[in-house]
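# An overview of the molecular structure
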Amino acid sequence: MSIQNTKLSNDDIISAYEFMLFIRRFEEKASELYGQGKIGGFCHLYIGQEAVACGIKYAKSANDKIITAYRDHGLILACDCDPKSVMAELTGRIDGTSLGKGGSMHIFDIKNNFYGGHGIVGAQVSIGTGLGFAAKYKSDNSVSITLMGDGAANQGQVYESFNMAKLWNLPVLYIIENNGYAMGTSVKRSSSTTSFFNRGISFEIPGFAVDGMDFFTVYDAIRISLDKIRNGSGPQLIEIITYRYRGHSMSDPAKYRTKDEVEHFKSKDPIQTLKKHILNNNIANEIIFKEIDKKIKQKINDIEKFSLESPLPNENLLYEHIYSN
Ligand SMILES: Cc1ncc(C[n+]2csc(CCOP(=O)(O)OP(=O)(O)O)c2C)c(N)n1
Ligand SMILES: [Mg+2]
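Here's what I pulled together on the structure shown here. (Residues numbered from 1 in each chain as written. Chains lettered and ligands numbered in written order. Predicted model: local features only at pLDDT ≥ 70, side-chain atom pairs only at ≥ 80, totals over all residues. Heavy atoms only, no water.)

Turning next to the overall build of the protein. Check the secondary structure of the protein and you find 11 helices and 7 strands. For 325 residues, the compact-globule estimate of 2.2 N^0.38 gives 20 Å, and the C-alpha radius of gyration of the protein, at 19 Å, lies within 12% of that figure. Taking the principal axes of the C-alpha coordinates as reference, the protein spans close to 65 × 50 × 40 Å. For the protein, the residues scored as buried account for 53% of the 325 residues in total. (Helix = DSSP H or I, 4+ residues; strand = E, 2+ residues; numbered from the N terminus. Rg over C-alpha atoms; globule rule 2.2 N^0.38 Å. Buried < 20%, exposed > 50% of the residue type's maximum accessible area, 1.4 Å probe, protein only.)

With that settled, the discussion passes to the site of ligand 1. The local shell around ligand 1 holds 15 residues, among which Tyr70, Arg71, Gly151, Ala152 and Asn179 are the closest. Interatomic distance of 2.8 Å between a side-chain N/O atom of Arg71 and an oxygen atom of ligand 1. One of the backbone N or O atoms of Gly151 is found 2.8 Å from an oxygen atom in ligand 1. Burial of ligand 1 by the protein chains amounts to 72% of its free accessible area of 600 Å². (Near = heavy atom within 4 Å. Polar contact = N/O pair within 3.5 Å; in protein donor to acceptor, adjacent residues only side chain to side chain. Areas by Shrake-Rupley, 256 points an atom, 1.4 Å probe, with all protein chains shown as cover.)

It is worth spelling out the coordination of the magnesium ion (ligand 2) at this point. Protein-derived coordination of the magnesium ion (ligand 2) comes from Asp150 (OD), Asn179 (OD1) and Tyr181 (O), at a distance range of 2.1 to 2.2 Å. For the magnesium ion (ligand 2), the donor residues sit on a single chain with the sequence spacing D-x28-N-x1-Y. Placement of the pair is Asp150 in the loop between β2 (144-149) and α6 (156-167) and Asn179 in the loop between β3 (172-178) and β4 (181-182), with a sequence separation of 29 residues. We classify Asp150 as buried; its relative accessible area is 3%. (Donors = N, O, S within 2.8 Å, 3.2 Å for Na, K, Ca; no water.)

Summed over all chains, the structure comprises 14 salt bridges. Across the pair Asp64 and Arg230 runs a salt bridge whose closest N-O atoms are separated by 2.8 Å. Taken together, the residues Asp64 in the loop between α2 (50-59) and β1 (65-67) and Arg230 in helix α8 (residues 215-230) connect sequence positions 166 residues apart. Judged by relative accessible area, Arg230 falls into the partly exposed class, the value being 24%. (Salt bridge = Lys/Arg side-chain N within 4 Å of Asp/Glu carboxyl O.)

Most of helix α4 (residues 83-90) sits out of view: 7 of its 8 residues are buried. Inspection of α4 places Pro83, Ser85, Val86, Met87, Ala88, Glu89 and Leu90 among the buried residues, and these make up the whole buried set. A side-chain oxygen of the first residue of α4 lies 2.9 Å from the backbone nitrogen of Lys84; this N-cap is Asp82. Trailing α4 by a residue or two, Gly92 shows a phi angle of about 70 degrees, which is positive.

Here is the structure:
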């Protein structure tokens, strides 16, 4: 589906560009720190998928809830969580969003309406549906924006959740980020159908697919769907076709993809595409882009410093925030 109905000002468009570039530089820094052994555990980068987080950031209302899987850095940044505490979570420090105990996959920031960061594939879809139930119960006019990958979309609990969401007309926007792969397995090898926008049809949840490499398209798709949900239409689904440039996680060299395929998506890079739009429409010039680069560089340096200087959590914290009988 192609949509062109943007309501963004030129300043918004420039800040959207800045935000996507910031996510990319944040992820590159995370990759560097991981390589130096300063980030432990798993780490899944969002590079290539920035337009999805950015579209959500500009389309959502402050009160909307966001929940996703473990590829979560870009999405928590879209909730305006302090990036220093996100990086400190990655480096396992006390100033991290989960006191350094969750790491990359388990970032949480409820005060900014980000509900994680989940490692069990598909589990966040049921929790996200519960967030929709809570929103309806409290009549707070919020929407639960529940994201999953193409791999997660084949999990059984997704369909139990779809059924309840439609049955109870819950305010949930399901977003399937189809990046073509679940770990090293391509969609073609794991899914009986390679389109996901129609996965809600049996439950009468309408859906459509959009190009996830274009910020405006993603933004408009989400904005229009959120409007419908807030007007009482019940759950909606968007398949966003996107691509991750890197491997599944830091330990995956991604040798299962052809160079041509990766190059094809890189030629549609969301950040470069928006930059071209800005230049072609005289919204900003190269001087502004240089200033943005400089600003982001400084910000990333400050984030890195903070995330390495913050202390490690005290050992006593090992026994807190856990279930025990
Ligand atoms: C229930 C469950 N099964 C299997 C795994 C192992 N696993 C981790 S990530 C992943 C692939 C998920 O792919 P997708 O949903 O497309 O998300 P993406 O990594 O592409 O963002 C799998 C199978 C898991 N974490 N949880
Ligand atoms: Mg995937």
